[in-house]
Amino acid sequence: MQQDNELVRQFNTGLQEMRELFHESGRLEDSNAKLDEITKLLCLEIASVRDPNLKVPSLKQLLNQYTEKGIVPALNEALILASKSSILTNYDGESLLGPNPKFNIAESEENLARALAGIVLNSFNGYLRGNHTAKTFEFLNEAFSHFIRDNFRQNIEDAQYMTPPEAVNYMAELGASYFKEKKLKQSEQFIICDPSCGVGSFLAQFYRVWCMGEKESANLVLIGQDKVDRMARLSLLNLALFGINDAKVYRGNSLLTGSPLDLYHEKCDLILTNPPFGAKFSCLDLSQNNHNFFPLLCNYIQNKTGEIDSELLFLDRYISLLKPGGLLVAVLPDSVISSGGLSEHLRKKIEEKLTIRSITELPAVTFAQAGTRTKTCILELEKTSPQNNIIFISKASSLGYEVASKKGVPYKRIEGKNDLEILSNIISDANTSRKTFSNFELIFNEPSCVAVSQKTISKKTWTPSHYSSSRLSTLETLEKLGSSDNFEVVQLKDIVSIPKRRNQRILDKKEQKCISVLHIGAFGTVNIKDFMEYEPKTPGKSCKQGDILFSKINPRIPRAIVVPKLPFELTCSSEFEIMQPKSGYSSYEIMLLLLSDYAQNQIQSLTSGTSSSHNRIKTNELMSVRLIIPQKDSLMREKYENAVKSFSEANIKIHEANIILQKEWGLINSLSAT
């Protein structure tokens, strides 16, 4: 561990020195250009260590030997020699260093070249020339990925490739656990593929888990493809850095026909990947692809003229590349897991044709270092027909770090525990007895892990929080209470109705007031000052005294109110659900029930959205929330009714008092104005 820490320290020190050196010299403003020069130096050192027969001089020799001649010409000569190394040759026969290997640094920039060479030497030499463990491998793989991420911090399009090692490790462990069950023969060819490989982190990490951790090689074949030339080169370099010299890394667009990946149709045992999010492809451009290429979406593509999100296309493409019985483990945006439309259509197709093994929700901080807090999940699919199998649905609340900013550069700060490490062990153990689990069975409480039958998973959404341990525990408690003679369990839709209200046009602020979500405080109170001063920019929905307003956005902050008596025409934000009590129930009673802990546990588990700050609960999910009410002839009923009565009276008095306070405050201000 001490050796590992020293290597990481050397690397981090080197990163800082490189950054300062480029800044001081004013050279190579473009981050990609800086990265290219560092890559060339790394290639020299790798060729020197890994290919001794070629006799490429090491950086240490170059720095010491060629003082009079000049370091730049010496480095260029060494680059030409290194470009002939088979270790640095891509599978298509082209050198990682390109057809004309040469540094983009002038001979007159001797100090800059020496300093860069010295930093690379100090940062990596300890690993390349020393004994190392699987843990060292993991540290340096993370360090390399961090270096790339750091260079791309202002290039958001490229930053999408930088999956944090916490997620990469977890996904590699899922893949390894699956194939351990299969007990592969040493003679079997075992193809691991990443169709959008970025810097090759998934391939490198699985190699570590499978070959270094288990000391098994089977007949491992690593396949990577990326449409960006620089990424394909970096992936090959990353793998070569760790002694993986026979990987096949291609350049090509995995979503278009004619790429080298076409050779692997239904041949991949395992796909580990994180596809680019957010790009769109037109159905017209994709229409030449047949069912072999997009097995689940082909009919849609052939009959539509619009655009399709890249993540949906990638998911379908992965399925086409898997052999029967193969496994996919992919990072996907929450929209694929939760959204309607084409996402829902694809989920339905998957449920019909494939086996879902696990879904793991990642925290919003996962990709924060890459510049986004988009919600994501890890989906594990097996290319076999579903047979009412059990799905492990988990939720990681922490990855053991937070992301802060220092001098404009995002960095990871160690904080909390890594839930994925815990979940990896839990799921690995649970896999041995997967067939014995029943539907909606709690496996682990914190972090949440629940067993759910594939036949009962909602076709509307696969959102893991909807199947959280806290919601399951709450429902189990309610079920026990409801089976007694003292309580009855009802759904919200049983005791409220939703009136149809149209948006009102905005009137003069003296005649009309709008209740915003931000005006609501604890226990249904209103910030009366902000409410009176608020001037909405868009029309709100009409509401009236006695309506129950419940905020559907970010319900982790409970916001509910019974509309008080006010001398205005009232509207409310469209983010509110407007409800009215059915006969036998009161507005304050329902608000109090919705604010209860057991209701909130369900509500906060039923949200979905693209990020932690844009979570919403859909109306149908809200209406499904279960509430518990004492039976009218039970001992608890009198206490319940007294609590509702006291709550109602106190709430009404607070609103009346707030209106008086606002009125008198306004009076004092008007006196001073005159």
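As a reminder, the structure under discussion sits directly above these lines.
A short tour of the structure in this document, coming up.

Scoring rules and cut-offs
- Residues numbered from 1 in each chain as written.
- Predicted model: local features only at pLDDT ≥ 70, side-chain atom pairs only at ≥ 80, totals over all residues.
- Heavy atoms only, no water.
- Helix = DSSP H or I, 4+ residues; strand = E, 2+ residues; numbered from the N terminus.
- Buried < 20%, exposed > 50% of the residue type's maximum accessible area, 1.4 Å probe, protein only.
- Areas by Shrake-Rupley, 256 points an atom, 1.4 Å probe, with all protein chains shown as cover.
- Pairing = 2+ DSSP bridges.
- Contact = heavy atoms within 4.5 Å.
- Axes fitted to C-alpha atoms, helices over the stretch in contact; angles between N-to-C directions.
- Core = buried A, V, L, I, M, F, W, Y, C linked by side-chain atoms within 4.5 Å.
- Parallel < 35°, antiparallel > 145°, perpendicular 65-115°, else oblique.
- Nonpolar A, V, L, I, M, F, W, Y, C, P; charged D, E, K, R; others polar.
- Polar contact = N/O pair within 3.5 Å; in protein donor to acceptor, adjacent residues only side chain to side chain.
- Expected span 1.5 Å × (residues − 1).
- 1 Å grid on protein atoms, 1.4 Å probe; cavity = no way out; pocket = protein on both sides within 12 Å on 5 of 7 lines; lining within 4 Å.
- Points joined across faces, edges and corners; volume = space filled by probe spheres on them.
- Phe/Tyr/Trp six-rings, centres within 6.5 Å; stacked < 30°, edge-to-face > 60°.
- Salt bridge = Lys/Arg side-chain N within 4 Å of Asp/Glu carboxyl O.

**A closer look at the overall build of the protein**
- In terms of regular secondary structure, the protein is built from 23 helices and 25 strands.
- Relative to its 674 residues, the protein shows a buried fraction of 54%.
- Of the accessible surface of the protein, which amounts to about 30,200 Å², a share of 49% is contributed by carbon and sulfur atoms.

**Some details on the pairing of strand β19 (residues 548-551)**
- The alternating pattern of β19 places Ile548 and Phe550 on one face and Leu549 and Ser551 on the opposite face, and all of these are buried.
- The pairing of β19 with strand β20 (residues 560-562) spans three bridges and is classified as antiparallel. Across the sheet, residue Ile548 finds its bridge partner in β20, namely Val562.
- Looking at chain direction, β19 and strand β22 (residues 576-581) are connected through four bridges and run antiparallel. By the bridge assignment for β22, Leu549 is matched with Ile578.

**Some remarks on the sheet that holds β19**
- Judged by pairing direction, the sheet is antiparallel, and its four strands sit side by side in the order β16-β22-β19-β20 without closing on themselves. Looking along the sheet, the strands with just one partner apiece sit at the ends: β16 (496-497) and β20.
- Helix α20 (residues 587-594) rests against β16, β19, β20 and β22 of the sheet, and its axis sits at about 170° to β20.

**Description of the nonpolar core**
- Grouped together as the largest cluster of nonpolar side chains are 92 residues, with contacts concentrated most on Leu44, Leu59, Leu75, Leu88 and Phe206.
- With nine residues, the single largest contributor to this core is helix α8 (residues 165-182).
- Once residues within four sequence positions are removed from consideration, Phe206 is found in contact with Ala172, Gly175, Ala176, Phe190, Ile192, Cys211, Leu220, Leu270 and Leu272.

**Structural notes on the packing of α8 against helix α16 (residues 419-431)**
- It is the contact of α8 with α16, at a shortest axis distance of 10 Å, that shows an interaxial angle of 10°. Of the possible angle classes, the one that applies to α8 and α16 is roughly parallel. Side by side, α8 and α16 meet where Glu166, Ala167, Tyr170, Glu173, Leu174, Ser177 and Glu181 of the first sit next to Leu420, Leu423, Ser424, Ile427, Ser428 and Asn431 of the second.
- When the residues that make up the contact of α8 with α16 are grouped by side-chain class, the tally is six nonpolar, four polar and three charged.

**Considering the side chain of Lys40**
- Tracing the chain through its elements places Lys40 in helix α2 (residues 31-50).
- Using a relative accessible area of 16% as the deciding quantity, one classes Lys40 as buried.
- At 2.7 Å, the side chain of Lys40 forms a polar contact with the backbone oxygen of Lys102.
- The residues touching Lys40, leaving out its near neighbours within four places in the chain, are Leu79, Leu97, Lys102, Phe103 and Asn104.

**Considerations on the sheet that holds strand β21 (residues 569-572)**
- Within the open sheet, the three strands sit side by side as β17-β21-β18. Their pairing is mixed. The sheet is open, and its two borders are formed by β17 (512-515) and β18 (541-543), each paired with just one other strand. Going from strand to strand, the sheet's axes swing by 40° on average, the running direction of each strand aside.
- When β18 meets β21, the two strands line up antiparallel, connected through three bridges. Bridged to Cys543 within β21 is Leu570.

**Observations regarding helix α4 (residues 71-82)**
- Compared with an ideal rise of 1.5 Å per residue, which puts twelve residues at 16 Å, α4 spans 16 Å between its outermost C-alpha atoms and is within 8% of the ideal.
- In terms of burial, α4 is largely enclosed, as nine of its twelve residues are buried.
- Considered for burial, the residues of α4 that qualify are Ile71, Val72, Pro73, Ala74, Leu75, Asn76, Ala78, Leu79 and Ala82.

**What to know about unusual backbone geometry**
- Following Glu446, the chain continues to Pro447 via a peptide bond in cis, the omega torsion being 5°.
- Inspection of the secondary structure puts Pro447 in the loop between β13 (441-444) and β14 (448-453).
- The backbone of Phe523 shows a phi angle near 55°, a positive value even though the residue is not glycine.
- Judged by relative accessible area, Phe523 falls into the exposed class, the value being 55%.

**What about the layout of surface pockets?**
- Estimated volume of the second largest pocket: approximately 590 Å³.
- Around the second largest pocket, the lining comprises 25 residues; the ones closest to its centre are Glu361, Lys395, Ser397, Ser465 and Gln604.
- Taken together, the elements giving at least two residues each to the lining of the second largest pocket come down to α17 (469-482) and α21 (597-605).
- Broken down by element, the lining of the second largest pocket gets its largest block of residues, four residues, from α21.
- Along the lines of polarity and charge, the residues of the lining of the second largest pocket split into five nonpolar, 15 polar and five charged.

**Things to note about the side chain of Asp51**
- Looking at the secondary structure, you find Asp51 in the loop between α2 and α3 (59-65).
- Judged by relative accessible area, which is 14%, Asp51 ranks as buried.
- In terms of polar contacts, Asp51 uses its side chain to reach the side chain of Ser85, at 2.8 Å.
- Excluding residues within four positions of it along the chain, Asp51 makes contact with Ile46, Ser85, Ser86 and Ile87.

**Quick word on α8**
- Taking 1.5 Å of rise per residue, 18 residues should cover 26 Å, and α8 covers 26 Å from first to last C-alpha, within 8% of that figure.
- Extensive coverage of α8 is indicated by the burial of 14 of its 18 residues.
- Phi for Lys183, located one or two positions after α8, is positive at around 50°.

**Considering the packing of aromatic side chains**
- For the structure shown, the criterion picks out ten aromatic pairs.
- With centroids separated by 5.7 Å and ring planes inclined at 85°, the aromatic side chains of Phe392 and Phe437 adopt a geometry described as edge-to-face. Of this pair, Phe392 sits in strand β10 (residues 390-395) while Phe437 sits in the loop between α16 and β13, and the two are 45 residues apart along the sequence. Of the two residues examined, Phe392 and Phe437, each falls in the buried class.
- Geometrically, the ring pair formed by Phe440 and Tyr467 is tilted, given 5.9 Å between the ring centres and 45° between the ring planes. Taken together, the positions of Phe440 in the loop between α16 and β13 and Tyr467 in the loop between β14 and α17 put the pair 27 residues apart, joining distant regions of the chain.
- Look at Tyr467 and you get buried, because its relative accessible area is 6%.
- Following the ring pairs from residue to residue traces out a cluster consisting of Tyr178, Phe179, Phe190, Phe206 and Trp210.

**Notes on the pattern of salt bridges**
- One pass over the full model with this rule turns up 16 salt bridges.
- For Arg357, the salt bridge goes to Glu380, with nearest N and O atoms at 3.1 Å. Separated by 23 residues along the polypeptide, Arg357 in strand β8 (residues 355-361) and Glu380 in strand β9 (residues 376-382) bring together distant segments of the chain.
- Overall, Arg357 belongs to the buried group, its relative accessible area being 4%.
- Residue classification places Glu380 among the buried positions, given a relative accessible area of 2%.
- Because the salt bridges share partners, they merge into one network encompassing Arg357, Glu380 and Glu382.

**Digging into the environment of Lys180**
- Topologically, Lys180 is positioned in helix α8.
- Separated by 30 residues in the primary sequence, Lys180 and Trp210 place their C-alpha atoms 9.4 Å from one another.

None of the figures reported here should be taken as evidence of function without further support.
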